[in-house]
Amino acid sequence: MAQILNEKQKELIEKIGVIHEQHGMQPLMGRILGLILVIEEAEVTFDDIVTHLNVSKSAVSNALNFLQLQRFVIYRTKPGERKRYFYLDIEDWDQILKKELCNVADINSFFKEVIELRGNAKPEFNNKLKDLCEFLEYLKEEIPLMFERFKKNKS
């Protein structure tokens with residue numbers, strides 16, 4: 001473990017953990033992601049995680065297994081070492097994000113079915129649901145265009 005974390009880094013790791021927790025992830029998983037983001041090397045060993053986050057080995061093992069299954073984190077090894085170095089899988093971040101955004105937009109099909117089945121007892125609710133459907137349709141069309149504009153502007 002090469003780096004000692006300062007208080008600001010520790011606070012940021014906790015903030016990242018809380019944000020991920022608010023989105024349904026276990027707190028430790030978010031803190032591991034935060035640690036990898038904050039630490040200068042952008043990779044950590046199993047023991048680094050245990051030490052920096054002051055958590056049990058079994059909790060780290062469970063969290064890393066989940067993060068690897070979800071392809072948030074991957075690892076590499078170094079010649080002559082048995083340690084695994086965990087890092088964020090952001091190589092294809094644009095494809096991953098595009099897929100996630102499209103998945104959100106795909107829930108629109110359920111809302112359309114709901115609208116078809118609903119009566120007219122609550123027209124305000126129905127209108128808001130229709131607006132949501134229209135926005136999700138718009139989003140699905142715009143997602144690929146946003147990525148194209150981004151790439152074009154970066155060039």
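Residues numbered from 1 in each chain as written. Predicted model: local features only at pLDDT ≥ 70, side-chain atom pairs only at ≥ 80, totals over all residues. Heavy atoms only, no water.

Participant: How should the packing of aromatic side chains be read in this particular structure?
Facilitator: For any pair of aromatic rings, the description rests on two quantities: the centre-to-centre distance and the angle between the ring planes. Overall, the coordinates contain four aromatic pairs when judged by the stated rule. Both rings, one in tryptophan 93 and one in phenylalanine 147, keep their centres 6.4 Å apart while their planes meet at 45 degrees; by these two values the pair is tilted. Note that tryptophan 93 is positioned in helix 5 (residues 93-106) and phenylalanine 147 in helix 7 (residues 123-154), a separation of 54 residues in sequence. Given a relative accessible area of 8%, phenylalanine 147 falls into the buried group. Centroid distance tryptophan 93 to phenylalanine 150: 5.8 Å. Interplanar angle 80 degrees. Geometry classified as edge-to-face. Residue tryptophan 93 is located in helix 5, and its partner phenylalanine 150 is located in helix 7; the two are separated by 57 residues in the primary sequence. Look at tryptophan 93 and you get partly exposed, because its relative accessible area is 40%. For phenylalanine 150, a relative accessible area of 39% puts it in the partly exposed group. (Phe/Tyr/Trp six-rings, centres within 6.5 Å; stacked < 30°, edge-to-face > 60°. Helix = DSSP H or I, 4+ residues; strand = E, 2+ residues; numbered from the N terminus. Buried < 20%, exposed > 50% of the residue type's maximum accessible area, 1.4 Å probe, protein only.)

Participant: In this structure, what is going on with helix 7? I would like to understand it.
Facilitator: The α-helix advances 3.6 residues per turn, and as a result positions three or four apart in sequence lie on the same side. Given a rise of 1.5 Å per residue, 32 residues ought to cover 46 Å, and the 45 Å separating the end C-alpha atoms of helix 7 matches this to within 8%. Taking the largest bend as the criterion, helix 7 deviates by roughly 35 degrees, centred on glutamate 142, and proline proline 144 comes between one and four positions later. All of the buried residues along helix 7 are Asn126, Leu129, Cys133, Leu136, Leu139, Glu142, Ile143 and Phe147. (Expected span 1.5 Å × (residues − 1). Bend = angle between axes of the 7 residues up to and from the residue.)

Participant: Where do I start with the nonpolar core in this structure?
Facilitator: In this structure, Ile32, Leu35, Ile49, Leu53 and Val73 are the most contacted members of the largest nonpolar core, which totals 23 residues. Among the secondary structure elements, those contributing two or more residues to this core are helix 2 (27-38), helix 3 (46-53), helix 4 (57-69) and strand 3 (84-88). Ranked by the residues each element gives to this core, the list is headed by helix 2, at seven residues. Those residues in contact with leucine 53, other than ones at most four positions away along the chain, are Ile13, Leu28, Arg31, Ile32, Leu35 and Asp48. (Core = buried A, V, L, I, M, F, W, Y, C linked by side-chain atoms within 4.5 Å. Contact = heavy atoms within 4.5 Å.)

Participant: When you look at the packing of helix 5 against helix 7 in this model, what are you seeing that I'm missing?
Facilitator: One way to put it is that helix 5 packs onto helix 7 with a least axis distance of 8 Å and a crossing angle of 165 degrees. Judged by the inter-axis angle, helix 5 sits roughly antiparallel to helix 7. In the packing of helix 5 onto helix 7, the handedness of the crossing is right-handed. Contacts between helix 5 and helix 7 involve Trp93, Asp94, Gln95, Leu97, Lys98, Leu101, Cys102, Val104, Ala105 and Asp106 from the former and Leu136, Lys140, Ile143, Phe147, Phe150 and Lys151 from the latter. Per-class residue counts for the contact of helix 5 with helix 7 are ten nonpolar, one polar and five charged. (Axes fitted to C-alpha atoms, helices over the stretch in contact; angles between N-to-C directions. Parallel < 35°, antiparallel > 145°, perpendicular 65-115°, else oblique. Left-handed = near helix turned anticlockwise from the far one by under 90°. Nonpolar A, V, L, I, M, F, W, Y, C, P; charged D, E, K, R; others polar.)

Participant: Mind showing me how you'd approach the side chain of arginine 31 here?
Facilitator: With respect to the helices, strands and loops of the structure, arginine 31 is situated in helix 2. Judged by its relative accessible area of 17%, arginine 31 is buried.

Participant: So what exactly am I meant to see when it comes to the pairing of strand 3 here?
Facilitator: Regular strands place their side chains on alternate faces of the sheet. The element strand 3 is extensively covered by neighbouring structure, given that four of its five residues are classed as buried. Note that strand 1 (residues 44-45) and strand 3 share two bridges and pair antiparallel. By the bridge assignment for strand 3, threonine 45 is matched with tyrosine 85. Two strands pair when backbone bridges link them, and strand 2 (residues 73-77) and strand 3 are joined in this way by five bridges, in the antiparallel orientation. Bridge pairing in strand 3 links valine 73 to leucine 88. Where strand 2 folds back on strand 3, the antiparallel hairpin that results is connected by six residues, among which glycine 80 adopts a positive phi of roughly 80 degrees. (Pairing = 2+ DSSP bridges.)

That is the geometry; function is a separate question.
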